[in-house]
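If you want the building blocks of each chain, they are given just below.
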Amino acid sequence: MQILMVGTGYVGLVTGACFAEMGHTVTCLDIDSEKISKLNQGIIPIYEPGLEEIVKRNIKQHRLFFTTDYQSAVANSLVCFIAVPTPSKEDGSCDVSYVEAAAREIGMNMTDYRVIVNKSTVPVGTANLVTKVIKEVTDVPFDVVSNPEFLKEGAAVQDCLKPDRIIIGSNASKPAEILKEIYSAFTLNHERMIVMDTLSAEMTKYAANAMLATRISFMNEIADICKRVGANVNEVRKGIGSDSRIGYSFLYPGVGYGGSCFPKDIRALIAVAKNAGAEPTLLEAADSVNNRQKKILAEKMLKYFAKKGGLKGKTIAVWGLSFKPDTDDMREAPSLNLIEDLIKQGASLRLFDPVAMPNAKKVLEGLPNISWCEDEFDAAKGADAIALLTEWKQFRLVDFKPIQGEMKGFAFFDGRNQYKPLDMKGKGFDYISIGVPDQMHDKKN
Ligand SMILES: NC(=O)c1ccc[n+]([C@@H]2O[C@H](COP(=O)([O-])OP(=O)(O)OC[C@H]3O[C@@H](n4cnc5c(N)ncnc54)[C@H](O)[C@@H]3O)[C@@H](O)[C@H]2O)c1
């Protein structure tokens, strides 16, 4: 089938490439002409494991095209997906203006029946809004479908090729059947499509993200209580995860959730709820626990260094900057909160991330006292402390001996509970993590 993907970002590029991989002919469109020009030269603008290979293969096999031209792209595609940004407005509600703009462009260029599919994460009722926007600019018949995306950055290609489920929100059978045909190649193993009305599909996406974000905030709150009463959240996590009604996923405490989805989507759902006259008490609590959690490592550092002359003039190595491993995405990354707090306190920072440094440099441009390092060893040079912010695999089994030889101090702040506390103490660190009793290296204190 001929498919148009409007918006060639983390979602549009990955799903467009995966549709092509399954045999569809896909045109990815973006208003960012630099991005499209790079893609036409085979340069992939984002880091996503496995993406480059399938993009290049499908370009070569003439199933994947990139353009900025709505007219020809809409003319050639029966189905037009919208995968553009839906950021937060200042009041936390969702800004759907990019979706409206894309819908208007599609509408103005339609010459025949089209199915417009909303893949962006949008407030409940946006399919109706898209219908209204298109009707304002054309008399050509069309249907609007909601098909929220559930891929995870860092595992996006696999998630897309083997989705847990495909939600098709449609109020009519014809467009739902067209969507089922598009996805049929993804569901050979077992049925994964769930068809429902558009409002429920839009709500499903927000509810799923809100549930996951709430689980993280719940564990962060449990970690805080553990710390105060002397319990160890790592043990508690295993203890509760073993309950089959609970399960082990999304039970990791840390420095708060970030990224381009959870924070904005929970805020948007709060706005949707309030607008509908509901009281989203639990959602507001999950959001506020997360905002508090993003400050936790800086607070621990302030406390630790209080007896050592404060953070002013101290050097802190930061390992990992992206909001999670296997992505270069810096949107709402907890590392940004820490970096800002430490700089305010007068610390100098030595930063390293395996792939997110180019994006991090753009976001942190102009901030003082930042050195960009070659690797985790380089970052630790002359540092009074190391802070682990993103649990990249390469940080799991680090040889700490040479690192300690290069450090000025011996504190390790583990924002992701990646190491065994007693091991770290044995290695000579003052080891401070989340929801676990601190381990102070006796000889040096
Ligand atoms: N990133 C994720 O992990 C993820 C997962 C599920 C759902 N989503 C949702 O998918 C949507 C897209 O997210 P993303 O992370 O891919 O965003 P992104 O910022 O990476 O990409 C969006 C792209 O859309 C382009 N664009 C903006 N306006 C346009 C227009 N009028 N016409 C054509 N292109 C336009 C931008 O230039 C950009 O390249 C959002 O609603 C997001 O919430 C994201």
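Trainee: Can you help me understand the domain arrangement of the protein in this one?
Mentor: A common way to state how big an interface is: give the accessible area lost once the parts meet. Per the domain assignment, the segments making up the protein are domain 1 (2-196), domain 2 (205-292) and domain 3 (294-444). Centre-to-centre, using C-alpha coordinates, domain 1 lies 29 Å away from domain 2. With 15 residues of domain 1 at the interface, the matching set in domain 2 holds 10 residues. Interface area for domain 1 against domain 2, summed over the two sides, is near 930 Å², with a carbon-plus-sulfur share of 62%.

Trainee: Explain the packing of aromatic side chains to me, please; I cannot follow it from the model alone.
Mentor: Each aromatic ring pair is characterised by the separation of its centres together with the angle its planes make. A complete count under the given rule lists 19 aromatic pairs for this structure. Between Y304 and F413, the aromatic rings sit 5.5 Å apart at their centres with planes inclined by 90 degrees, giving edge-to-face as the arrangement. In this pair, Y304 is assigned in helix α13 (residues 296-306) and F413 in strand β13 (residues 411-414), connecting sequence segments 109 residues apart. Residue Y304 shares its accessibility class with F413, and that shared class is buried. Here W319 and F412 contribute two aromatic rings whose centre-to-centre distance is 5.7 Å and whose plane-to-plane angle is 80 degrees, an arrangement assigned as edge-to-face. Taken as a pair, W319 in strand β9 (residues 315-319) and F412 in strand β13 lie far apart in primary sequence, 93 residues in all.

Trainee: What exactly am I supposed to notice about a nonpolar patch on the surface here?
Mentor: Residues V124, L199 and M203 make up a contiguous nonpolar surface patch of roughly 210 Å² in combined accessible area. Turning to its location among the elements, M203 is positioned in helix α9 (residues 198-229).

Trainee: Please clarify how the environment of Q2 should be interpreted in this entry.
Mentor: Turning to its location among the elements, Q2 is positioned in strand β1 (residues 2-6). Judged by its relative accessible area of 37%, Q2 falls in the partly exposed class. Sequence separation between Q2 and D30 is 28 residues, and the spatial gap between their C-alpha atoms is 17 Å. When near neighbours in sequence (up to four residues on either side) are disregarded, Q2 contacts T25, N76, S77, L78 and V79.

Trainee: Is there a simple way to think about the side chain of E376 in this case?
Mentor: As for its position among the elements, E376 is in helix α16 (residues 376-380). We note that E376 is buried and unpaired, the nearest opposite charge coming from K381 at a distance of 11 Å. Discounting residues that sit within four places of it in the chain, E376 has contacts with W319, F352, Q394 and F395.

Trainee: Please clarify how the nonpolar core should be interpreted in this entry.
Mentor: In a soluble, globular protein the nonpolar side chains are often hidden away together inside. Of all hydrophobic cores here, the largest spans 61 residues; its most connected members are I316, W319, F412, F413 and Y419. Top contributing element to this core by residue count: α13, with 6 residues. Counting residues in each nonpolar core, the second largest holds 41 residues, with M5, C18, V26 and V79 among its members.

Trainee: Just to check I follow, could you spell out the site of the ligand for this structure?
Mentor: By nearness alone, 28 residues border the ligand, and D30, K35, Y70, T86 and K264 come closest of all. Take D30: an N or O atom from its side chain is 2.6 Å from an oxygen atom of the ligand. Here an oxygen atom of the ligand and a backbone polar atom of T121 are 2.9 Å apart. Its free accessible area being 840 Å², the ligand has 91% of it covered by the protein chains. Elements represented by at least two residues in the shell around the ligand include exactly α1 (10-21) and α5 (97-108). Classifying every residue of the shell around the ligand gives 13 nonpolar, 7 polar and 8 charged.

Each value, and the rule that gives it
- Residues numbered from 1 in each chain as written.
- Predicted model: local features only at pLDDT ≥ 70, side-chain atom pairs only at ≥ 80, totals over all residues.
- Heavy atoms only, no water.
- Domains from an automatic or database assignment.
- Contact = heavy atoms within 4.5 Å.
- Buried area = accessible area lost by both parts, 1.4 Å probe.
- Phe/Tyr/Trp six-rings, centres within 6.5 Å; stacked < 30°, edge-to-face > 60°.
- Helix = DSSP H or I, 4+ residues; strand = E, 2+ residues; numbered from the N terminus.
- Buried < 20%, exposed > 50% of the residue type's maximum accessible area, 1.4 Å probe, protein only.
- Patch = residues over 30% accessible without salt bridge, like charges linked within 9 Å, V, L, I, M, F, W, Y side chains within 5 Å.
- Areas by Shrake-Rupley, 256 points an atom, 1.4 Å probe, with all protein chains shown as cover.
- Salt bridge = Lys/Arg side-chain N within 4 Å of Asp/Glu carboxyl O.
- Lys, Arg positive; Asp, Glu negative; His and termini not counted.
- Core = buried A, V, L, I, M, F, W, Y, C linked by side-chain atoms within 4.5 Å.
- Near = heavy atom within 4 Å.
- Polar contact = N/O pair within 3.5 Å; in protein donor to acceptor, adjacent residues only side chain to side chain.
- Nonpolar A, V, L, I, M, F, W, Y, C, P; charged D, E, K, R; others polar.

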